[in-house]
Amino acid sequence: MNYRTEDVAARVADITQGAGVDHVVDVDLGGNLTAVLASVREHGSIAYYASNGALEPKVNLRTLMAKNLTLRGFVLPTSPHAARKRAQLDIAAFVRAPGRILSVAGEFPLYETAAAHLSVEAGGKVGTVVVACAR
């Protein structure tokens, strides 16, 4: 399901009482750039680690400058180990926190991991695809 930029920006504005978000971590900057720029507040930051929607997205530099935004790409395997560990701990704390905003686009048992990957690769999802491992 694809969402219009206006709908995403309106939902973010509703959730943040019009303030926008401080930071965005995006998994498809090329596909989501317009919505991200409309949703992040002044002096915010955007980090991205993929861009399947457009491998060479057009970025309006005036918008970045006017909002004093930081745009940073990263590749997880080459990130320092300490930074990856901190990110894992931060994500775990976020998921445990009450009142979080977390959208799950699909949940698959471990034996359907390939189907989970296909659902991500198909695009159009909103939220995280979860592979549930037995404990």
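Predicted model, so just to flag it, every value in this text is computed and none were measured.

Procedures and definitions
Residues numbered from 1 in each chain as written. Predicted model: local features only at pLDDT ≥ 70, side-chain atom pairs only at ≥ 80, totals over all residues. Heavy atoms only, no water. pLDDT = per-residue confidence, 0-100. Helix = DSSP H or I, 4+ residues; strand = E, 2+ residues; numbered from the N terminus. Buried < 20%, exposed > 50% of the residue type's maximum accessible area, 1.4 Å probe, protein only. Core = buried A, V, L, I, M, F, W, Y, C linked by side-chain atoms within 4.5 Å. Contact = heavy atoms within 4.5 Å. Pairing = 2+ DSSP bridges. Axes fitted to C-alpha atoms, helices over the stretch in contact; angles between N-to-C directions. Patch = residues over 30% accessible without salt bridge, like charges linked within 9 Å, V, L, I, M, F, W, Y side chains within 5 Å. Areas by Shrake-Rupley, 256 points an atom, 1.4 Å probe, with all protein chains shown as cover. Salt bridge = Lys/Arg side-chain N within 4 Å of Asp/Glu carboxyl O.

Student: Looking at this model, I keep getting lost on the confidence of the model for the protein chain. Mind explaining?
Tutor: Any region with low pLDDT has predicted coordinates that should not be read closely. Predicted confidence across the protein chain gives a mean pLDDT of 85, with 93% of residues reaching 70 or more. Mean pLDDT across the secondary structure elements of the protein chain bottoms out at helix α1 (residues 5-15), with 81, and peaks at strand β2 (residues 40-48), with 94.

Student: Which parts of the structure should I look at to understand unusual backbone geometry?
Tutor: Leaving glycine aside, a negative phi is the common case for residues, and trans is the common case for peptide bonds. Phi is positive for Q17, close to 55 degrees, though the residue is something other than glycine. Take Q17: it is sitting in the loop between α1 and β1 (21-26). In this structure Q17 comes out as exposed when scored by relative accessible area, which is 71%. The backbone phi angle of N68 is positive, close to 55 degrees, even though this residue is not glycine. With respect to the element layout, N68 can be found in the loop between α3 (61-66) and β3 (70-73). Look at N68 and you get partly exposed, because its relative accessible area is 45%.

Student: I keep staring at the nonpolar core and nothing clicks. Help me out?
Tutor: Burial of nonpolar side chains together is a common tendency in soluble globular proteins. Membership of the largest hydrophobic core is limited to nine residues, which are V24, L29, L33, V36, L37, V40, I46, L64 and L69. Breaking this core down by element, the ones donating at least two residues are α2 (29-39) and β2. The greatest single-element share of this core, amounting to four residues, is contributed by α2. With sequence-adjacent residues up to four places away left out, L37 is seen in contact with I46, T63, L64, K67 and L69.

Student: Help me understand the environment of E112, please; the structure alone is not making it clear to me.
Tutor: Topologically, E112 is positioned in the loop between β4 (104-109) and α5 (113-121). Exposure remark for E112: the relative accessible area of 31% places this residue in the partly exposed category. Taking the C-alpha atoms as reference points, E112 and V131, separated by 19 residues in sequence, lie 8.0 Å from one another.

Student: Looking at this structure, I do not really get the sheet that holds β3. What am I missing?
Tutor: Within a sheet, each strand pairs with its neighbour through backbone hydrogen bonds, oriented either parallel or antiparallel. With parallel pairing, the three strands of this open sheet are ordered in space as β1-β2-β3. One side of each edge strand has no neighbouring strand; the edge strands of this open sheet are β1 and β3. Strand-to-strand twist in this sheet, taken as the mean axis angle between neighbours without regard to direction, amounts to 15 degrees. Taken together, the five bridges between β1 and β2 define a ladder with parallel strand orientation.

Student: Teacher, can you tell me more about a nonpolar patch on the surface here?
Tutor: A cluster of nonpolar side chains, contributed by V25, V27 and Y49, occupies part of the molecular surface with about 290 Å² of accessible area. Taking relative accessible area as the criterion, Y49 reaches 45% and is therefore assigned partly exposed.

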